[in-house]
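Commentary on secondary and tertiary structure
If you want the building blocks of each chain, they are given just below.
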Amino acid sequence: MNMLKENNLQKPMVVALLALVCCFLWGSAFPCIKIGYQLFAIAAEDSVSQLFFAGCRFTLAGVLVILFGSLAGRKMLKPQSGSWKMVFVLALFQTVLQYVLFYMGLAHTTGVKSSIIEAANVFIAILFAVFLFHFESLTAKKVIGCIVGFAGVVLINMTGSGMDASFSLKGEGAILGSTIAYALSAGLVKLFSRKEDPVVLSGYQFCVGGAVMMILGAGMGGRLTVTRPAAFLLLLYMAIISAVAYTIWGILLKYNPVARVSVYGFMNPVFGVILSAFLLGEKNQAFGLQGVAALVLVCIGIYVVNRQPKGKRHTKVV
């Protein structure tokens, strides 16, 4: 039964479908965060309230993962006795460091530069998988595919403003640190899932990481003001985004090479721009020639990384 599940989750079409579902959900988070700031009366420069808001979202996401995982398995979903260390390490990198550094950096740089730096996590995740965790080898097609996909991300963000060559540790440096933390977490998920269920890891690391962010945000004066009942529905949806996307992503990483899964991350900002066009009215960037060209480049990059030589089937990943 496990082998059947593993074989299915290694099929290119299954990987593509599930990874794109994750990217669509993460992409929808971009406009939803902006809407959430309005519904909870959070100012653009109020990074501590943004941190508190994110902590609420991730804590709720963890509760949802544990609840539905327990219902599906008909028993309480909980880590094995030796897995708590993995939960705390993963919470540190995948949730706390990634988002604390991101909000810190975003307050001191532009959204355009942040999106482009964040997209570098695909490169960094593959480098960690190759040189730190020794999960796979570095090949020319991985490098070429990543370069092409990254070019698409740069193109979708080139709006004529917000780009310059400046660099500061508290701005671009913090965003880069966030990107490294997230890239490292991809390798950690794959490593830890050899001994623990990725669903368990996802649920409990969200609870731990979200609680830490709530405490940090509240301790620094962060607060939420509910302006209308729809705010709670939005918070629930954003929690579902994290619960579903990170759990599926972790399962894909367990059964596939990091490069095969991570390269789909280039679709996050593309979906973000497209969904922002529908939800926020920002249509020029999404539906112009620039947006179409960016989508084509990202798709080519994904294809190059995942292309299988003729006659060669996917191999088991251990």
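Numbers given to residues run from 1 along each chain, matching the order in which its sequence is written. Only residues with pLDDT of at least 70 get local features here, since the model is predicted, and only at 80 or more are side-chain atom pairs given and counted; chain-wide, interface and lining totals rely on the full set of residues. Note that water and hydrogens are dropped before the side-chain values are worked out from all heavy atoms of the structure.

Thoughts on helix H2 (residues 12–39)
- In this description a helix means any DSSP run of H or I spanning at least four residues, a strand means any run of E spanning at least two, and both kinds are numbered starting from the N terminus. To estimate the expected span of a helix, count its residues, drop one, and scale the result by 1.5 Å. Across its 28 residues, H2 extends 40 Å between first and last C-alpha, which sits within 8% of the 40 Å expected from 1.5 Å per residue.
- Here the bend at a residue means the angle between the axes of two seven-residue stretches, the one that ends at it and the one that starts at it. Most pronounced at Pro-31, the bend in H2 amounts to some 30°.
- At the C-terminal side of H2, Ala-41 shows a positive phi close to 55°.

A few points about the environment of Phe-88
- Relative to the helices and strands, Phe-88 is located in helix H4 (residues 84–106).
- When its relative accessible area of 48% is taken as the criterion, Phe-88 is described as partly exposed. For the exposure calls, accessible area comes from a 1.4 Å probe over protein chains only, and a residue counts as buried if that area is under 20% of its type's maximum, exposed if over 50%, partly exposed in between.

Description of a nonpolar patch on the surface
- A cluster of nonpolar side chains, namely Leu-127, Phe-131, Leu-138, Val-143 and Ile-147, defines an oily patch on the protein surface of about 450 Å² accessible area.
- Note on placement: Leu-138 falls in the loop between helix H6 (121–132) and helix H7 (140–157).
- For Leu-138, a relative accessible area of 39% translates into the label partly exposed. Residues qualify for a patch when their relative accessible area is over 30% and they have no salt bridge, like charges being joined within 9 Å and the nonpolar side chains of Val, Leu, Ile, Met, Phe, Trp and Tyr within 5 Å. Each accessible area value is a Shrake-Rupley result obtained with a 1.4 Å probe; residue values ignore everything except the protein chains displayed when judging cover. The term salt bridge refers to a side-chain nitrogen of Lys or Arg lying within 4 Å of a carboxyl oxygen of Asp or Glu.

Focus: the environment of Leu-64
- On the secondary structure map, Leu-64 appears in helix H3 (residues 47–73).
- Spatially, the C-alpha atoms of Leu-64 and Ser-242 are 9.7 Å apart, while their sequence positions differ by 178 residues.
- Whether two residues are in contact is decided by their heavy atoms: any pair within 4.5 Å suffices. Not counting residues within four places of it along the chain, the set of residues in contact with Leu-64 comprises Leu-236, Ala-239, Ile-240 and Ala-243.

Comments concerning the side chain of Gln-98
- In this fold, Gln-98 is placed in helix H4.
- Classification of Gln-98 by relative accessible area gives buried; the value is 6%.
- Here a polar contact means two N or O atoms within 3.5 Å. Within protein one must be a hydrogen donor candidate and the other an acceptor candidate, and residues neighboring in sequence count only if both atoms are side-chain atoms. Among the polar contacts listed, one links the side chain of Gln-98 to the backbone oxygen of Gln-94, at a separation of 2.5 Å.
- Once residues lying within four places of it in the same chain are set aside, the contact partners of Gln-98 are Leu-92, Phe-93, Ser-178, Ala-181, Tyr-182 and Tyr-246.

Let's talk about unusual backbone geometry
- Of note, the phi angle at Arg-74 is positive, near 55°, even though the residue is not glycine.
- With respect to the helices and strands, Arg-74 occurs in the loop between H3 and H4.
- According to the relative accessible area criterion, Arg-74 is exposed, its value standing at 79%.

Side note on the confidence of the model for the protein chain
- Mean pLDDT over the protein chain: 87, with 89% of residues reaching 70 or higher.
- The quantity known as pLDDT measures the predictor's confidence residue by residue, on a range of 0 to 100. Within the protein chain, helix H9 (residues 198–219) carries the highest mean pLDDT (96), whereas helix H13 (residues 284–287) carries the lowest (56).
- Here residues 314–318 scores under 50 on pLDDT; set against residues more than four positions off or in separate chains, the count is 17 contacts.

Describing the nonpolar core
- By convention a nonpolar core is built from buried Ala, Val, Leu, Ile, Met, Phe, Trp, Tyr and Cys residues, the set being connected through side-chain atoms within 4.5 Å. Among the nonpolar cores identified, the biggest contains 85 residues, and Trp-26, Trp-249, Tyr-264 and Phe-266 are the most heavily contacted of them.
- Residue contacts for Trp-249: discarding those within four places in its chain leaves Ala-19, Cys-22, Cys-23, Trp-26, Tyr-182, Val-261, Ser-262, Tyr-264 and Gly-265.

Notes on the packing of H4 against helix H8 (residues 169–192)
- Closest axis-to-axis distance for the H4/H8 pair is 7 Å, and the angle between their directions is 160°. One element, H4, and the other, H8, form an angle in the roughly antiparallel class. The handedness of the crossing between H4 and H8 comes out as left-handed. Here, axes are lines fitted to C-alpha atoms. For helices the fit covers the stretch in contact, and angles between N-to-C directions go from 0 to 180 degrees. Our angle categories are set so that under 35 degrees counts as roughly parallel, over 145 as roughly antiparallel, 65 to 115 as roughly perpendicular, and the remainder as oblique. In this scheme, a crossing is called left-handed if the near helix is turned counterclockwise away from the far one by less than a right angle; it is called right-handed if the turn is clockwise.

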